[in-house]
Amino acid sequence: MSGQISYDSVQAGTQIPAVSYPVTRLSLIKYCGASGDFNVIHWNERVARAVGLPDVIAHGMFTMAQAGRLVTDWAGPAAVVTEFGVRFSSMVVVPDPDAGAFIEVSGQVEEKLEGNRVAIALTARAAGTKVLTRARAVVRLP
Amino acid sequence: MAINREYAGRVFPASQPYEVSRVKIAEFAAAIGDANPVYRDPAAARAAGHADVIAPPTFAIVISMAGSGAALADPGLGLNYAMVVHGEQRFEYTRPIMAGDVVTAQVTLTDIRDAGRNVMLTTSTEIRTAAGEHVCTAVSTIVERGA
């Protein structure tokens, strides 16, 4: 958790250092329960393979949530997200071993906008592959 | 089973009111691994200038899915959910979702289109309070992968 970022302290090009977020089968089970999305491909390897997937895959929204964490942890508790969008370009495969997988997220301030808002471009990778594209958040800073 | 294209443009009835609780927000934050106090501790949230505990940005999907899930499960649409992956997601927020909110989700199935062997469905879900205040619009594109 960082402190509070202010609009005046940020410039276009400001980097948000990468954070590697773990994702395990247990993460997905918990996310199923909390989100209400029990799609079987997120918890059942047999069915995932039967429908042509390499293994159990993470919910896209779990990956998006990790990108959101990077933004809100960087921006601080008084910041408010006003826009957040991603395209899911590749699946995050979550193998059975306890180590699971990792989603590495980093960001960069793209531009400063009116109304104390800043636009942030995000990058997310798992197993060396980009899992999000066109990932962008706008946050209002104090 | 093929997707019924006649569903494109359909506006579904608004969902039943959804009551956002501190407990549900904390559960969701724990599930995404986020320890941020503004999602659990009312005092921390107020100290940061929020009226109560706020929800993580992607929590809006829980409410929008309460509406779009019902719409996409409509047997007349013919969607095979095991073949569905998420293609794209966008949220536009008027303000954060907060503990104590009572909101409804109004889903429009805006588009059904082919992409090679896949079919892409886009929904736009408006999340509003019982009083009609706009909180968030969630635009989702899901992909039914071709067999």
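Predicted model only: the values in this text are computed from it and were never measured.

S.K.: Could you clarify how one ought to interpret the interface of chain A and chain B in this entry?
M.R.: How big an interface is tends to be expressed through the accessible area that disappears when the partners come together. With 35 residues of chain A at the interface, the matching set in chain B holds 31 residues. Take the side of chain A that touches chain B: its biggest share by element is nine residues, from strand E2 (residues 80–88) of chain A.

S.K.: Is there a simple way to explain the sheet that holds strand E3 (residues 101–113) of chain A in this structure?
M.R.: Paired through backbone hydrogen bonds, the strands of a sheet run either parallel or antiparallel to each other. The strand order across the open sheet built from ten strands is E1(A)-E3(A)-E4(A)-E5(A)-E2(A)-E2(B)-E5(B)-E4(B)-E3(B)-E1(B), with neighbouring strands paired in antiparallel fashion. Of all strands in the sheet, those with a lone pairing partner are strand E1 (15–23) of chain A together with strand E1 (18–19) of chain B, marking the two edges. In the sheet, strand E3 (residues 102–115) of chain B pairs with strand E4 (residues 118–129) of chain B via twelve bridges, with the strands oriented antiparallel. From the neighbouring strand, B:Gln106 faces E4(B), where its bridge partner is B:Glu126.

S.K.: When you look at helix H1 (residues 25–35) of chain A in this model, what are you seeing that I'm missing?
M.R.: Along an α-helix, residues three or four positions apart point the same way, because every turn accommodates 3.6 residues. Among all positions in H1(A), only A:Ser27, A:Leu28, A:Tyr31, A:Ala34 and A:Ser35 are buried. Summarising the axial view, the buried residues of H1(A) lie within an arc of 130°, below the 170-degree limit, and thus occupy one face. Where H1(A) is buried, its residues contact E1 and helix H3 (60–75) of chain A together with helix H1 (22–31) and helix H3 (60–72) of chain B.

How each quantity is defined
- Residues numbered from 1 in each chain as written.
- Chains lettered and ligands numbered in written order.
- Predicted model: local features only at pLDDT ≥ 70, side-chain atom pairs only at ≥ 80, totals over all residues.
- Contact = placed C-beta atoms within 7 Å.
- Helix = DSSP H or I, 4+ residues; strand = E, 2+ residues; numbered from the N terminus.
- Pairing = 2+ DSSP bridges.
- Buried ≥ 20, exposed ≤ 12 C-beta atoms within 10 Å, placed from the backbone.
- Arc of directions from axis to C-beta.

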